[in-house]
Amino acid sequence: MNVENEHSTSLWMETEVAAAEPLRAKATADVVIIGSGIAGLSVAYELAARNLKVVVVDRGHIGKGMTARTTAHLAPVCDDGAGELIKMQGEENAKLFHESQRAAVDRIEEIVKLDRIECNFRRLSAYLFPGPKTEPSELDEELKAMKKAGVAVEKIKGIPLAGYETTTCLHYPDQATFHPLRYLRALTETITKRGGALYERTVISEVEEKDGAVIVRAMNGAVIEAAAAVVATNSPINDRLALHTKLAPYRTYAMAFTIPKDSLPDALYWDTMDPYHYIRQQPGPGGADYLITGGGDHKSGEADDAWARFEAIEAYTRRLIPQLGKEITRWSGQVLDTPDYAAYCGLNPGNKHVYVHTGDSGQGMTHGPLAGLLIADLITSGKSPWQKLYEPSRKPTRDLTNYARENMTTIKNFAEYLAPGEVSSYAQIKKGEGAIVREGLRKVAAYRDTHGKLHKSSAMCTHVGCHVHWNSFERCWDCPCHGSQFAGDGTALNGPAVKNLESLD
Ligand SMILES: Cc1cc2nc3c(=O)[nH]c(=O)nc-3n(C[C@H](O)[C@H](O)[C@H](O)COP(=O)(O)OP(=O)(O)OC[C@H]3O[C@@H](n4cnc5c(N)ncnc54)[C@H](O)[C@@H]3O)c2cc1C
Ligand code: FES
């Protein structure tokens, strides 16, 4: 989702990444990159470094998609656990996964040094601590699996969280973190210095291969011709369905608080709960730092109880860290999971010159820079050591339970068209609220804006027709099938949908 229609603000969202204009006519490039998050800008950076002319185009403001909502743990460790990863991918791929994720963090560190980027990049430790239902033997199993997957890890006794002073935990050295938007800002500066161009507020609706090249068309009529295109829109906008049947959208929640400086060792803290909590610090002004805590994940569009989730995250964090200060901000965002925990990154299925990156599985801050290395290698040399692991056309090879479960959402969703509306009249919808209303055979997504004006749209998502759900925290319509999001008035905000909901005003 891009920033202008949002009702929650992350700690970084106000940091400007780059000022750019919309593309209004025609542009040409060696490679056009659609999407200016960590993935798109990393790909653009690597290609510009190899003397290719790049054009980056975004539907919103530069860098203000999901990367502006991240908590930026730069962790090469699979956050679903090595045991799970080995179950889905086998030991060799699990090793390759961790090797490639480490290479992504090393590359960020290298770029930070090379371009002297002031983005609070630092190496630090991560600690995995047991939730209330975790048996000690489960940590032992995970320790073994991590070692098999080539990860440096050790068992330690005690971490500086209340109640865990003597508990056995896992310690992962050499993880990292940074300020994500300051990093992106520096990438854009280098990209433009190397002759690249950035365009914002330009919605791409079509990516076509023709005569050995690519033509990319925007909704406003602008066209970009290039030798290759990279679709880095978080959720792919070029494929109607192929990749989306292998992706599941989840909403996750984050909060930032003040914390007295140096009152908690600077580290990444994760628990073993499902969904898990993720905690870290960020340097703040004056005598305080920020403590960023997140969790509460659920399948997109399947819950509308953000306030209860924030309350639970806060209560949990205060129990662990009693010195926590006042809340600064809270926000939510979406992640796209794959059934085998690795992103889809490489040549888009069925294409020769169109590349895609999606399915970060909650680890987009490492998967994005990895896409930079992998896709730049594929474009310039036709191969990468990680090509097969991240191959977008792959099918999950081992445990198919997740795969089948995720596809049930779409089937269940279509039945909602037969259900009654959520309210029986438009008069019941208060300012700033949205609800589904039945009008004869039709379902209406109705939103009353803060001035009292009622906006009526079809409840049918413009991707492939699922039934949208109101998200009262972000004040937008979420599509549970593949994660599209629309503003209250039906304006498309997040892919795969490109077109607005049909207006019924
Ligand atoms: C609360 C939260 C916490 C997270 N914490 C972590 C973490 O600690 N560590 C981690 O590794 N990951 C984390 N993630 C995940 C990570 O932030 C994302 O996976 C990552 O930022 C995605 O980057 P991206 O470049 O793929 O997508 P984005 O940053 O969303 O960029 C995609 C861009 O494409 C543009 N776009 C979309 N459609 C079009 C179109 N039709 N035409 C033109 N442009 C278009 C969008 O406007 C957007 O700017 C978190 C995510 C959330 C929400
Ligand atoms: S996102 Fe696919 S139908 Fe809505």
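Figured I'd write up the structure that's included with this text. (Residues numbered from 1 in each chain as written. Chains lettered and ligands numbered in written order. Predicted model: local features only at pLDDT ≥ 70, side-chain atom pairs only at ≥ 80, totals over all residues. Heavy atoms only, no water.)

### Things to note about the site of ligand 1
Near ligand 1 there are 38 residues, and of these Asp58, Arg59, Met66, Thr67 and His73 occur at the shortest range. Between ligand 1 and Asp58 there is a distance of 2.6 Å, counted from an oxygen atom to a side-chain nitrogen or oxygen. Residue Ala72 places a main-chain N or O atom 3.3 Å away from an oxygen atom belonging to ligand 1. Computed on the free molecule, ligand 1 has an accessible area of 1,000 Å², of which 97% lies beneath the protein chains in the complex. When residues of the shell around ligand 1 are traced back to their parent elements, those giving at least two are helix H1 (38–49), strand E15 (327–337) and helix H6 (364–381). With four residues, E15 is the single largest residue contributor to the shell around ligand 1. Among the residues making up the shell around ligand 1, the classes are represented as 14 nonpolar, 20 polar and four charged. (Near = heavy atom within 4 Å. Polar contact = N/O pair within 3.5 Å; in protein donor to acceptor, adjacent residues only side chain to side chain. Areas by Shrake-Rupley, 256 points an atom, 1.4 Å probe, with all protein chains shown as cover. Helix = DSSP H or I, 4+ residues; strand = E, 2+ residues; numbered from the N terminus. Nonpolar A, V, L, I, M, F, W, Y, C, P; charged D, E, K, R; others polar.)

### Remarks on the pairing of strand E9 (residues 213–218)
Examined bridge by bridge, strand E8 (residues 204–210) and E9 share six bridges and lie antiparallel to one another. The residue of E9 that forms the bridge with Lys210 is Ala213. What sits between E8 and E9 in their antiparallel hairpin is a turn of two residues, with Asp211 showing a positive phi close to 50 degrees. Direction of pairing for E9 relative to strand E10 (residues 223–231): antiparallel, over a ladder of four bridges. Directly across from Val214, in E10, lies its bridge partner Ala226. The turn joining E9 and E10, which pair antiparallel and follow one another in sequence, is formed by four residues; a positive phi near 95 degrees is taken by Gly221. (Pairing = 2+ DSSP bridges.)

### A few points about the state of the cysteines
Using the criterion set out here, one finds one disulfide in the structure. Between the sulfur atoms of Cys466 and its disulfide partner Cys481 the distance amounts to 2.1 Å. On the sign convention where negative is left-handed, the bridge of Cys466 and Cys481, at about -85 degrees about the S-S bond, is left-handed. Taken together, the positions of Cys466 in the loop between strand E20 (454–458) and strand E21 (469–471) and Cys481 in the loop between strand E22 (476–478) and strand E23 (485–487) put the pair 15 residues apart, joining distant regions of the chain. (Disulfide = S-S within 2.5 Å.)

### Description of the sheet that holds E20
Taken in spatial order, the three strands line up as E18-E19-E20 in an open sheet, and their pairing is antiparallel. Single-partner strands in this sheet number two, and they are strand E18 (433–439) and E20. Strand-to-strand, the axes of this sheet are offset by a mean angle of 30 degrees, without reference to chain direction. (Axes fitted to C-alpha atoms, helices over the stretch in contact; angles between N-to-C directions.)

### Section: the packing of aromatic side chains
A complete count under the given rule lists 10 aromatic pairs for this structure. Three or more aromatic residues joined by ring pairs make a cluster, and in this case those are Tyr253, Trp307, Phe310 and Phe473. Against the face of Tyr45 rests Arg194, its NZ or CZ located 5.2 Å from the ring centre. In this arrangement the basic side chain of Lys246 is found over the ring face of Tyr344, its NZ or CZ atom lying 4.5 Å from the centre. (Phe/Tyr/Trp six-rings, centres within 6.5 Å; stacked < 30°, edge-to-face > 60°. Lys NZ or Arg CZ within 6 Å of the ring centre and 35° of its normal.)

### Considerations on the packing of helix H2 (residues 82–114) against helix H3 (residues 136–148)
H3 packs onto H2 with a crossing angle of 30 degrees between their chain directions and a minimal axis gap of 9 Å. The orientation of H2 with respect to H3, classified from their angle, is roughly parallel. Of the residues in H3, those touching H2 at Ala82, Gly83, Ile86, Glu91, Lys95 and His98 are Glu142, Ala145, Met146 and Lys148. Here the residues of the contact of H2 with H3 sort into four nonpolar, two polar and four charged. (Parallel < 35°, antiparallel > 145°, perpendicular 65-115°, else oblique. Contact = heavy atoms within 4.5 Å.)

### Some thoughts on the side chain of Ser484
Structurally, Ser484 is set in the loop between E22 and E23. Ser484 gets classed as buried once you look at its relative accessible area, which sits at 1%. At 2.9 Å, the side chain of Ser484 forms a polar contact with the backbone nitrogen of Ala497. The residues touching Ser484, leaving out its near neighbours within four places in the chain, are Cys461, His463, Trp477, Asp478, Cys479, Asn494, Gly495, Pro496 and Ala497. (Buried < 20%, exposed > 50% of the residue type's maximum accessible area, 1.4 Å probe, protein only.)

### Observations regarding the pattern of salt bridges
Taken as a whole, this structure holds 25 salt bridges when the rule is applied. Between Arg217 and Glu208 there is a salt bridge whose closest N-O contact spans 2.9 Å. Of the residues examined, Arg217 reaches a relative accessible area of 27% and is grouped as partly exposed. A salt bridge links Arg309 to Asp305; the nearest nitrogen and oxygen atoms lie 2.6 Å apart. The exposure class assigned to Asp305 is partly exposed, which follows from its relative accessible area of 31%. (Salt bridge = Lys/Arg side-chain N within 4 Å of Asp/Glu carboxyl O.)

### Quick notes on the nonpolar core
Counting residues in hydrophobic clusters, the biggest one holds 84 residues, and the most contacted among them are Ile33, Tyr172, Phe178, Tyr183, Trp270 and Tyr390. Sorting elements by how many residues they give to this core places H2 first, with 11 residues. Inspection of this core shows a minimum of three residues originating in each of domain 1 (14–70 + 181–245 + 341–393) and domain 2 (120–178 + 248–337). Apart from residues lying up to four places away in sequence, Tyr172 is in contact with Val77, Leu124, Ser125, Ala126, Leu128, Glu142, Met146, Val151, Ala152, Val153 and Trp270. Within the second largest apolar cluster, 24 residues are counted, among which are Ala29, Ile204, Ala226 and Val498. (Core = buried A, V, L, I, M, F, W, Y, C linked by side-chain atoms within 4.5 Å. Domains from an automatic or database assignment.)

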